[in-house]
Amino acid sequence: MDIQDLVRSLIEKNNSKIVLLVADGIGGLPLEPGGPTELEAAQTPNLDRLAKTGVLGSMVAIKPGITPGSGPGHLGLFGYDPLKYVIGRGVLEATGIGFEVGPKDVAIRCNFCTLGPDRVIKDRRAGRIPTQESAPLAISLRQVKIPGVEVFVEPVQEHRFAVIFRGEGLGGNVEDTDPQKTGVPPLDPVATHPDSQRTAEVAKEFVAQAEKILAGQPKANGLTLRGFSVKPALPTYEEVYGLKAAAIAVYPMYKGLARLVGMQVIGAPKSLDEEIDVLEQAWNDFDFFFVHFKYTDSRGEDGNFAEKVKMIEAFDRIVPRVEALKPDVLIVTGDHSTPAKLASHSWHPVPVLLSAATCRPDACQAFGETEALRGGLGQFEAVYLMPLALAHAGRLAKFGA
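First things first, this report covers the structure right here in the doc. (Residues numbered from 1 in each chain as written. Predicted model: local features only at pLDDT ≥ 70, side-chain atom pairs only at ≥ 80, totals over all residues. Heavy atoms only, no water.)

Turning next to the pattern of salt bridges. Side chains that differ in sign of charge can pair as their charged atoms come close. Applying the stated criterion across every chain yields a total of 20 salt bridges. In this structure, the salt-bridge partner of Arg49 is Glu323, at a minimum N-O distance of 2.8 Å. In this pair, Arg49 sits in helix α3 (residues 45-53) while Glu323 sits in helix α13 (residues 319-323), placing the two residues 274 residues apart along the sequence. Judged by relative accessible area, Arg49 falls into the partly exposed class, the value being 37%. Between Glu371 and Arg374 there is a salt bridge whose closest N-O contact spans 2.8 Å. A relative accessible area of 17% means that Glu371 is categorised as buried. By relative accessible area, which is 47% here, Arg374 ends up partly exposed. One continuous salt-bridge network, built from bridges that share partners, spans Asp273, Asp277, Glu280 and Arg321. (Salt bridge = Lys/Arg side-chain N within 4 Å of Asp/Glu carboxyl O. Helix = DSSP H or I, 4+ residues; strand = E, 2+ residues; numbered from the N terminus. Buried < 20%, exposed > 50% of the residue type's maximum accessible area, 1.4 Å probe, protein only.)

And the structure:
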């Protein structure tokens, strides 16, 4: 019996409200030994106040030493074992913008990039080209025609777009073409299983035609393909947890993941303040709310310590508005760590703050990595976060006689 099966057998419904506030990539590292992390350097009076009355801990996204992508990181937060339920980035991206991924589809998350002579990558994100410039370029790639395969190209946001191949004999086992560094050409798509050889061939032809269409563009004259994937079967939040769940996010990928686990994506916010507006408006309609904030992660990926600190401080400022709604359980955490020092996701545990009337407060006085190491929740795997939330909300019955 895995943890979801156990939880499913113990569910008791009530009128409690649970809020999961996720600051993507919030975990960090000091720039120098003995220095503060980004979270510890930030002025976070509201989170620190909650830390004094709540309980802290450190959360491992997957397993110790394993660096998670955003998909596995969020699956763990939602209580789904990321090693059992593998969801590719492409499906998340496509589902996030409302594309219905079907049984014959392979979805791919794509980045525009800037290519120099000899197809060498100069900028992996095409200077973070704004959406108003990138969307027409993505639409122009609908000109690509490949015999025997339907090709769908959908703009997403900034340098990102989604491509879906639909046809017989396609699989999602293809390696990314993004080399994760500049100064080298994009990689060729390579199948990692015979069932996906056709997909790799189709992807190579798509890239060849796309680069001809994009030739001459000053920034977005190339592309990389990531997260080749097919749609998995996942039990829903209602089935597993007995919760009517809502998701509030700006970025499409996180909306996609929420949809895949049966959450209802609500509102169309474009900022963190607007996300809380949506939360307030929908408060009476749902039991569980997932609220996602992206920019802590993106500033970490940019290697910008000071800007990540500013994003954490912006995140802290909305906490009183959430508290004013009087959730029975409020959890603040991230899906993984993104230290500016590394300019990438990392394997480091993520601090967790749980606030509820049923907390056993610990001695922690602030919300940060160092304090979380001595918090009452200890260190635990992310799949146990939802059982903790449900228990503190009075939604789990006793196990056994």
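Now that the structure is up, let's keep going.
To continue, consider the sheet that holds strand β12 (residues 350-356). Spatially, eight strands are ordered β9-β8-β10-β1-β11-β12-β2-β13 in an open sheet, and the strand pairing comes out mixed. Either end of the sheet is taken by a strand with one partner, and the two such strands are β9 (264-265) and β13 (378-381). Direction of pairing for strand β2 (residues 55-60) relative to β12: antiparallel, over a ladder of five bridges. Looking at β12, one finds that Ser58 is bridged to Pro351. Running at roughly 170° to strand β10 (residues 288-293), helix α10 (residues 272-281) makes contact with β8 (245-248) and β10 of the sheet. (Pairing = 2+ DSSP bridges. Contact = heavy atoms within 4.5 Å. Axes fitted to C-alpha atoms, helices over the stretch in contact; angles between N-to-C directions.)

Attention now moves to the packing of helix α5 (residues 89-96) against helix α9 (residues 252-260). Geometrically, a packed helix pair is captured by the angle between its two axes and the distance between the axes. Viewed as axis vectors pointing N to C, α5 and α9 meet at an angle of 95°, and their least axial separation amounts to 6 Å. Here α5 lies roughly perpendicular to α9, going by the angle between them. Between α5 and α9, the residues in contact are Arg89, Val91, Leu92, Glu93, Thr95 and Gly96 and Pro252, Met253, Lys255, Gly256, Leu257, Arg259 and Leu260, respectively. When its residues are assigned to classes, the contact of α5 with α9 shows six nonpolar, three polar and four charged. (Parallel < 35°, antiparallel > 145°, perpendicular 65-115°, else oblique. Nonpolar A, V, L, I, M, F, W, Y, C, P; charged D, E, K, R; others polar.)

What follows deals with unusual backbone geometry. Located in the positive-phi region is Ala126, a residue other than glycine, with phi close to 50°. Here Ala126 is to be found in the loop between β4 (121-123) and α6 (131-140). Despite not being glycine, Glu158 has its phi angle at roughly 50°, a positive value. Mapping Glu158 onto the fold places it in the loop between β5 (150-157) and β6 (160-166). Taking relative accessible area as the criterion, Glu158 reaches 19% and is therefore assigned buried.

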